Protein chains: 6
Amino acid sequence: MPNPFFQPVSGFELPRFAGIPTFMRLPHVPLDDPRLAEVEIGLIGVPWDSGTTNRPGPRHGPRALRDASTMIRAENGATGVRPYEMVNCADLGDVAPNPADIADTMDRITSFYCKVLDAGIMPLTAGGDHLTSLPVLRAIAAEGPVGMVHFDSHTDLYHSYFGGTMYTHGTPFRRAVEEGLLEPERVVQIGIRGTAYDSEDRDFATSVGIRVIPIEEFHARGVDQVMAEAREIVGDGPTYVSYDIDFIDPAFAPGTGTPEVGGPNSYQALQVVRALRGLNVVAADMVEVSPPFDLGGATSYLGTSVMFELLCVMAEAISDPMKR
Amino acid sequence: MPNPFFQPVSGFELPRFAGIPTFMRLPHVPLDDPRLAEVEIGLIGVPWDSGTTNRPGPRHGPRALRDASTMIRAENGATGVRPYEMVNCADLGDVAPNPADIADTMDRITSFYCKVLDAGIMPLTAGGDHLTSLPVLRAIAAEGPVGMVHFDSHTDLYHSYFGGTMYTHGTPFRRAVEEGLLEPERVVQIGIRGTAYDSEDRDFATSVGIRVIPIEEFHARGVDQVMAEAREIVGDGPTYVSYDIDFIDPAFAPGTGTPEVGGPNSYQALQVVRALRGLNVVAADMVEVSPPFDLGGATSYLGTSVMFELLCVMAEAISDPMKR
Amino acid sequence: MPNPFFQPVSGFELPRFAGIPTFMRLPHVPLDDPRLAEVEIGLIGVPWDSGTTNRPGPRHGPRALRDASTMIRAENGATGVRPYEMVNCADLGDVAPNPADIADTMDRITSFYCKVLDAGIMPLTAGGDHLTSLPVLRAIAAEGPVGMVHFDSHTDLYHSYFGGTMYTHGTPFRRAVEEGLLEPERVVQIGIRGTAYDSEDRDFATSVGIRVIPIEEFHARGVDQVMAEAREIVGDGPTYVSYDIDFIDPAFAPGTGTPEVGGPNSYQALQVVRALRGLNVVAADMVEVSPPFDLGGATSYLGTSVMFELLCVMAEAISDPMKR
Amino acid sequence: MPNPFFQPVSGFELPRFAGIPTFMRLPHVPLDDPRLAEVEIGLIGVPWDSGTTNRPGPRHGPRALRDASTMIRAENGATGVRPYEMVNCADLGDVAPNPADIADTMDRITSFYCKVLDAGIMPLTAGGDHLTSLPVLRAIAAEGPVGMVHFDSHTDLYHSYFGGTMYTHGTPFRRAVEEGLLEPERVVQIGIRGTAYDSEDRDFATSVGIRVIPIEEFHARGVDQVMAEAREIVGDGPTYVSYDIDFIDPAFAPGTGTPEVGGPNSYQALQVVRALRGLNVVAADMVEVSPPFDLGGATSYLGTSVMFELLCVMAEAISDPMKR
Amino acid sequence: MPNPFFQPVSGFELPRFAGIPTFMRLPHVPLDDPRLAEVEIGLIGVPWDSGTTNRPGPRHGPRALRDASTMIRAENGATGVRPYEMVNCADLGDVAPNPADIADTMDRITSFYCKVLDAGIMPLTAGGDHLTSLPVLRAIAAEGPVGMVHFDSHTDLYHSYFGGTMYTHGTPFRRAVEEGLLEPERVVQIGIRGTAYDSEDRDFATSVGIRVIPIEEFHARGVDQVMAEAREIVGDGPTYVSYDIDFIDPAFAPGTGTPEVGGPNSYQALQVVRALRGLNVVAADMVEVSPPFDLGGATSYLGTSVMFELLCVMAEAISDPMKR
Amino acid sequence: MPNPFFQPVSGFELPRFAGIPTFMRLPHVPLDDPRLAEVEIGLIGVPWDSGTTNRPGPRHGPRALRDASTMIRAENGATGVRPYEMVNCADLGDVAPNPADIADTMDRITSFYCKVLDAGIMPLTAGGDHLTSLPVLRAIAAEGPVGMVHFDSHTDLYHSYFGGTMYTHGTPFRRAVEEGLLEPERVVQIGIRGTAYDSEDRDFATSVGIRVIPIEEFHARGVDQVMAEAREIVGDGPTYVSYDIDFIDPAFAPGTGTPEVGGPNSYQALQVVRALRGLNVVAADMVEVSPPFDLGGATSYLGTSVMFELLCVMAEAISDPMKR
């Protein structure tokens, strides 16, 4: 029976353009709120892009995603899932970044997520650039490495940039493997494409056992086959889902800093998440939404639509773990 | 032999960016014009969005559609149809709405369309939000209910909004069924998707026999199969075609108030209309084009391209009714 | 001594692009919140534009104004006023409008404001189109008519539109005078300009004693003289301030539905509010900000800057009524 | 008594966003229309920019100006003039340009304007780039040279471009002087500014007696003094008014191909036209409005506002020539 | 072994948003540069759109394409080709057009390309409107006609416009056939669609043996089959590749003057170029990118991505001609 | 006599939309170019915004300023100065920043400017955010502190942000004073406005003798008086000019991260620079131009127009130091 406190405001009561925009029109429950203990899935913003090597902007992502999320209703039209009747969801607010200090911000993020996890809450993150995933994973994988389904046009497995800079949005998963946060053989990267500096990233993937599915293979085999393989790779173990909006073709998601043409369409963008139903998903993120490059807001809206699909998968994972 | 008066101005004579923009560069023939009696298909604007529960803007639709329509030439490149050589077409101007009075505007629309029908003219409407279809149907179905092929991402079959408001752009077809304007078993809704408040609308569809084809089924079966079924549903009877621009994926048609991601692409958007050839189409509309959200004008241009396809189907229905 | 609960979040702690956007980064205190009684100035959104006769959009105003308001810091750079250390301010949320029913929405607004006033809170409104001011005034003037300083390019004193429609954004102050909500001789309208249908509105103003200061006079006499006269007109009595963003030239405030060229610049836009210091201001509004026409967000930012100036004037009026 | 046929449609009857957009919502009277003989002022579009040496776009000017002009009402708010009650005004449509042939297009324009003048109609032109003024002047000055008040940030008096090309938007008035269309001593150019290639243009002005008033002088002396001098220069003789939208500062009029910063504001933009009242104005143009660079439409709206001021001056010149 | 001088600047050294933008971050080698002789592929801008009959803008194409091209890295992610290690590539700068003289500009272009060819350089052109291809072909086919693979939504085979104007962007290939620059039976046009004036262009194609593949056939048969036929048509002979950006659906490439809906997506846009590997490509162009209509820059980025694919095909054609 | 190598390309030869965009169309002379020794004024880009605490984007500034600068011609229209005939000017390219490491980037900048100064070149910088000025001043003031005329809406004199972060775009001049790079009594800050966190920055200014001229004083006294005082403050000593684009009102310069309404217009923006003629200017910068927030490019164009004014002042300072 749904907890009335944790229900989103209906558009039938308050039109969707109205009201202070929280994620999905859910209640705002800061970490010091007495009802925090009741929350099961927490939506968290990480407004941060200091790791961006190219065009900045994802620091504005959480606010734009919250705004667009007021367009999302309570029921998943494709799967019929009504997540808010299954688990208590809330907007936990934003991590306070320090835009001028990368190391400080990473510590702040990890610390925030440790509190969230300590409270027994499964986090769904709205970034932020892709470096965000590293400090989040440091909290998630505190007890041991996790698997990962990673949707992206880039591997983000580079060693370093600009003559030795180790922490950028092009390196998070290299660091995560090095730090033992990911089980490489339980990691699959889907949609990789675009021009490349060289093959250093993919060589690293091969060397540690990460499976890279380039976009040519994705288009040739189709969503069903690719996702079946992805499910096999991550298996039953705890799995992180990292969704870079630039996985999607820039005609559908123009608002991102490093777009790559030739990607999936918006329907495939949703299908790949629905194909995660039943996995042991322990946390997820949506990153690299960059509102300054998102004339018209299409990217935020698609990003938040994908977030709702992730939320549904997570709600099912919590409410019916046996089905996994 | 084409009537020279009713021919669109050629871009070879007057460049397409020039001239006062009427629909398809056709002559403007107001209802009091002596040549009204010669018109066979009338293009009509309904600049109205007072039924919009979400983001407004379709009141600006007719002007933007007229502007974009000056890019459309005289021959259908796919089917070879040259409608202006088959029937006399004209721009009948706009219905004058009362933006601050919904009931008054509905009366004005119905009255306008009754005059059009009395003159023996088949109307092709440029809305306007989807509530527009209701007062139009009141004129169209004055003699009896009609069937409908309805392209949309929403059913628009809700009972009411905001605690009992009966006339919004989310309720027109509920009202139309209640008022006996539509034969429910001859109604098919194609492309339904997105998150839902609840299933009240689809339950109603089921209860009265309306066939709802969700987007998942559309993508899985393909245009040909889906449209074959749609043709069977409406059969030979008089059929209204209602085309909400949000049927199309927002990457192709961003300029609309309630977009839903994961829809058809622009080629499919045209294909579904071409698949209506030979049906007993008695009127059609293109609604929910919202220029304030249409940066760059892509939506108006796609909307007007679809209108031309509808026009070709209607011209064939008139000029060669035996082939239906 | 400032109440720590009612302080806006500092940009030194949480960067200004971060966090859920409430007005001025103040706490959200809904009408049923136990701390409502402590609030002295309440910022309220009225996301509504059903009275708009021209280009719609102000229903999106409150959200955009909240978003832009996170750029505003705690101290007035020109006057040195630090309002949050003088009075308790809070974001009271939005009135829930019914976009498809004007009469219903007006009732909802008046009812909301009556509760606010009953709680002893002075309201600062973010509209909404200008019809918003009418139901607000019905609450404000419940005990007797008030004076008004009205910044606008239009008088909004027309009798009716579209053949007799009485409630539109072009008629609120005609109705307010008729209903006895305004003392006409204590009303001054500043900045009136643009082309006119006819002089019916200004004739009415003259007939009831409203002082209209057209833009030509404003530019010729300057802010100081004009505002001195305005202060004299409203005197010591309770005074409403209504600020239509289209008072300002559209180069500075493009995001509005009925712009008129040749208006004041942004500095004058602030100066006129600072000139209200010491008046007996009992409530104020900022209306007609239309985000769909506000590419780049300049209008929302200027609108929220003006709101902060209004807030400072109101805070002084409360904290030091003797100085008035 | 106003001729009802030539009245613009009121926004009280048909909202201003509705209807097929003609200039000022006036009737469309093509050159072959039987009522042409009744027209006294004709608004004409010249959608042409083949003379543009920099960023193109003014070919889209007439349509955008027509669209924006539907926002203009019937009475001048500053002067009280109601032009449509003084003279018969109509939209004469567009000259059909040949975008790929400059000489051909110039002939088409001159020919069109000769017909207009032969019908006794005073033309008000919506360009088009500034080369438009040359073929118009060829018609206007057929009987003898005219004076000119020229608002612009450029003199457009260059000899040639690109190694000898004589007909561009930087040369029209050099040609006009050479062809004897202008009386140089009755020509004043106001607002000249920006960086320069060299002083060849201003040297030519000096050599033939054209008065150039640079923007520094304009700002230092003010509108009243500058316009008094301008009136003296053109005196009582027949006078052409050429208004390049780039006269106005680009913050107010961004949509133009060669903007120059530091110009007049929108109020001054209107004042300078009002200062022409009583002159013997025989024709006028508004040129260089470039919609592709006019995000948001501010330039078209300001351009059309200036056109209405020009129209009022022309209407007074016709209806009350004694007052000149 | 790659020549270090001709290597693009890596984004690892200089971030991709930094630096003066040359094509692909290659060195700028003007025609009078001593290192011109070393260049094997020259990227050339032709900033020209005077042949445009509809919406202008492609004169801004080369600069926008250069800007976007700084996002392209050194390795083709799909084919693995690293062109700069195979052949010396350079940015040869822009041809200086005369925007106000079509004939003069065509001569300037042909002259520029003759010098490039004389230096033994294979040219890759960034237009410019499609008339650009004609003067380029005059240089390319100086020794004899070539075949052509032409991606476009229009045939550009019309005889003339506006009553006899022979040189527009709708006529280049009609002229090229007439002038003996193309072997018609070795010409294939792919993607043709949209409404048509009449069938004059396609009748001409048929009469001379040009193969036109309309979009319906493209979508029905798929990229592989269509491109196999295209390869057969052009065979082993010298082949020009002309790529009009409006080949691609406007959702992916909005920034063009005459878009036609219902086209290929961005992945197909790349695939068709990759299918040219091994052909005897002697030159290529990317035309009709129109930045004023490219809000957000998606078109320039996709255009430059296609140019990189063309560059890879050309590099392979040079470095390994046996494989062709 | 002007050195032909260092002349900008004329728009009469190569249209201004054509060509690879260097600053002012000057030759690109990298630091290792043999002609570096001949350069007297070097225009340098610093594409960097890692010190931005609010909305990022200035890393894209140099490219956008270069692009817009191709609109600037060779002669100052107001002062008649032709700088390229007085001194050799060149585009020295960009400093390569490390977007993910503030300290590293500051070192790179200082090192680059030391080389420039060693070559006897006076630098004119295009930022970048305002932290850019600090590492530049470290090079400029290597031999001793300098005075500064600082145009801005913020003092940038804060001690630290986010709990102790010392290097942000809000602190550069605090650091510069602490490091002995500026003589505080020879520093004047003009245009300060907007809301404030507190008065810590202005208290510091007072304590060290920096003169702060708030915008209210600027508007009340006028450009002439304010600049006369500024000239007195800096006197004859070596003077740095730092021009933050947010000095200008956001209607004229929207493209910046922390706009403040109520500022100077574009004419005043130029006037204040012209008032610096004859001062001992040793270097200057234009910072905080943020292209992602600059829809339409107005800010870049105004920024580059101001840069040209700065360049003219610097050219006069070099070529005629006696006149200072």
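Refer to the structure printed above.
Residues numbered from 1 in each chain as written. Chains lettered and ligands numbered in written order. Predicted model: local features only at pLDDT ≥ 70, side-chain atom pairs only at ≥ 80, totals over all residues. Heavy atoms only, no water.

Chemist: Explain the nonpolar core here, please?
Modeler: As a rule of thumb, soluble globular proteins bury nonpolar side chains together. Among the nonpolar cores identified, the biggest contains 182 residues, and A:Ile190, B:Ile190 and E:Ile190 are the most heavily contacted of them. With residues near it in sequence (within four places) discarded, A:Ile190 still touches A:Val149, A:His150, A:Phe151, A:Asp152, A:Ile213, A:Phe218, A:Val226, A:Met227, A:Ala230 and A:Phe247. In this structure, C:Cys89, C:Ala126, C:Phe218 and F:Leu65 belong to the second largest nonpolar core, which totals 181 residues. (Core = buried A, V, L, I, M, F, W, Y, C linked by side-chain atoms within 4.5 Å. Buried < 20%, exposed > 50% of the residue type's maximum accessible area, 1.4 Å probe, protein only. Contact = heavy atoms within 4.5 Å.)

Chemist: Could you clarify how one ought to interpret the relation of the copies chain B and chain A in this entry?
Modeler: Turning one copy of the chain about an axis and sliding it along that axis gives the other copy, so a rotation and a shift relate them. Between the two copies, chain B and chain A, the superposition gives an RMSD of 0.0 Å; the rotation angle is 120 degrees and the shift along the axis is 0.0 Å. Such a combination of rotation and displacement between the chain copies is what one expects of a three-fold axis. Ranked by how close their C-alpha atoms come to the rotation axis, the residues of chain B are headed by B:Ala251, at 3.5 Å. Here only 10% of the contact residues of chain B are again contact residues in chain A; the copies associate through non-equivalent surfaces. (Least-squares fit on C-alpha atoms with pLDDT ≥ 70 in both.)

Chemist: Which parts of the structure should I look at to understand the interface of chain A and chain F?
Modeler: With 22 residues of chain A at the interface, the matching set in chain F holds 23 residues. A combined buried area of about 1,500 Å² lies between chain A and chain F, and 60% of that area is made up of carbon and sulfur atoms. The tally of links from chain A across to chain F stands at 0 salt bridges. Linking chain A with chain F are 8 residue pairs in polar contact (both at pLDDT 80 or more). A per-class count over the side of chain A that touches chain F returns 9 nonpolar, 9 polar and 4 charged. (Buried area = accessible area lost by both parts, 1.4 Å probe. Salt bridge = Lys/Arg side-chain N within 4 Å of Asp/Glu carboxyl O. Polar contact = N/O pair within 3.5 Å; in protein donor to acceptor, adjacent residues only side chain to side chain. Nonpolar A, V, L, I, M, F, W, Y, C, P; charged D, E, K, R; others polar.)

Chemist: Would you explain the packing of helix H1 (residues 61-69) of chain E against helix H9 (residues 298-319) of chain E in this entry?
Modeler: In a pair of packed helices, the angle between the axes and the distance between the axes together describe the arrangement. Residues and elements named next belong to chain E. Between H1 and H9, the shortest axis-to-axis distance is 8 Å and the interhelical angle comes to 75 degrees. Between H1 and H9, the angle is such that the two are roughly perpendicular. Of the residues in H9, those touching H1 at Ala64, Leu65, Ala68 and Ser69 are Ser300, Tyr301, Gly303, Thr304 and Met307. Residue classes in the contact of H1 with H9 are distributed as 5 nonpolar, 4 polar and no charged. (Axes fitted to C-alpha atoms, helices over the stretch in contact; angles between N-to-C directions. Helix = DSSP H or I, 4+ residues; strand = E, 2+ residues; numbered from the N terminus. Parallel < 35°, antiparallel > 145°, perpendicular 65-115°, else oblique.)

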